[in-house]
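# Per-entry structural report
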Amino acid sequence: MYREEFFRANLMGWFLTVIGVGLYLNYVTILNSSEELLFVIPFSFYFILFFYMIVVIWIFPLLAHYQTNWFGYIRNAVIIGLTKIHYTMASGLVIFLVVYFSLDYPGIIPFFSIGLTAIGCMWIAMQIFGQLDQRTS
């Protein structure tokens, strides 16, 4: 059981990392483009990046709390991220604050950065999951 969940979470993490690297390469290409780009190209890039960030914020709490397939995790992450946008912004604020203080005080990176981010985002996610579970029962 533990090995299966560990493998699934790592596979999802690597999948999202590959997509993130692809988005970064697209960003560098857009930045270094010498010709004038249409408005649609940067707009669509930032639109895709917005959905990617929502999926990254919500997918790991969903992996820890619910049991479904890959498409279900991604779909539920987008749905929860968009319908509970204020909680998504709160999770983003937690991540931003941890990164900000970690860069300001680099000594806390190995001890607190991952743990504080996980605790903050999971606490926010558990508020949502409690509401969702209460509605379904």
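Up top you'll find the structure we're talking about.
What you see is a predicted model, and the numbers here were worked out from it, not measured in a lab.

So, on to the packing of aromatic side chains. Counting across every chain of the model gives 11 aromatic pairs. Taking the centre distance of 5.3 Å and the plane angle of 65 degrees together, the rings of phenylalanine 15 and tryptophan 70 count as edge-to-face. Taken together, the positions of phenylalanine 15 in helix α1 (residues 2-31) and tryptophan 70 in helix α3 (residues 70-83) put the pair 55 residues apart, joining distant regions of the chain. Looking at phenylalanine 15, the relative accessible area reads 34%, which means it is partly exposed. Taken together, the ring pairs in this structure connect Phe43, Phe47, Phe50 and Phe51 into an aromatic cluster.

The geometry of helix α4 (residues 85-104) relative to helix α5 (residues 109-136) is characterised by a closest axis approach of 9 Å and an angle of 170 degrees between their N-to-C directions. Classed by the angle they form, the pair α4 and α5 counts as roughly antiparallel. Between α4 and α5, the residues in contact are Tyr87, Ala90, Ser91, Val94, Ile95, Val98 and Ser102 and Ile109, Ser113, Leu116, Thr117, Gly120, Cys121, Ile124, Ile128 and Gln131, respectively. Tallied by class, the residues present in the contact of α4 with α5 amount to 10 nonpolar, 6 polar and no charged.

What follows covers a nonpolar patch on the surface. A cluster of nonpolar residues, Leu38, Phe39, Val40, Ile41, Phe43, Phe47 and Ile48, forms a patch on the protein surface that exposes about 770 Å² of accessible area. Residue placement: phenylalanine 39 occurs in the loop between α1 and α2 (40-65).

Below, the discussion takes up the packing of α2 against α5. Interhelical geometry of α2 versus α5 gives an angle of 55 degrees and a closest axis separation of 10 Å. As summarised for this structure, α2 and α5 are arranged oblique, according to the angle between their axes. Considering how the two elements wind past one another, α2 and α5 form a crossing that is right-handed. Between α2, through Trp58, Pro61, Leu62, Ala64 and His65, and α5, the contact on the second element is made entirely by Met122, Ile124, Ala125, Met126, Ile128, Phe129 and Asp133.

Okay, the pattern of salt bridges next. Summed over all chains, the structure comprises 1 salt bridge. The closest approach of N and O atoms between arginine 8 and glutamate 5, which form a salt bridge, is 2.9 Å. Pair noted here: arginine 8 and glutamate 5 are both in helix α1, with a separation of 3 residues, about one helical turn. Classification of arginine 8 as buried rests on a relative accessible area of 17%.

So, how was this worked out
- Residues numbered from 1 in each chain as written.
- Predicted model: local features only at pLDDT ≥ 70, side-chain atom pairs only at ≥ 80, totals over all residues.
- Heavy atoms only, no water.
- Phe/Tyr/Trp six-rings, centres within 6.5 Å; stacked < 30°, edge-to-face > 60°.
- Helix = DSSP H or I, 4+ residues; strand = E, 2+ residues; numbered from the N terminus.
- Buried < 20%, exposed > 50% of the residue type's maximum accessible area, 1.4 Å probe, protein only.
- Axes fitted to C-alpha atoms, helices over the stretch in contact; angles between N-to-C directions.
- Parallel < 35°, antiparallel > 145°, perpendicular 65-115°, else oblique.
- Contact = heavy atoms within 4.5 Å.
- Nonpolar A, V, L, I, M, F, W, Y, C, P; charged D, E, K, R; others polar.
- Patch = residues over 30% accessible without salt bridge, like charges linked within 9 Å, V, L, I, M, F, W, Y side chains within 5 Å.
- Areas by Shrake-Rupley, 256 points an atom, 1.4 Å probe, with all protein chains shown as cover.
- Salt bridge = Lys/Arg side-chain N within 4 Å of Asp/Glu carboxyl O.
- Left-handed = near helix turned anticlockwise from the far one by under 90°.

By themselves, these are just geometric observations and shouldn't be taken as functional.
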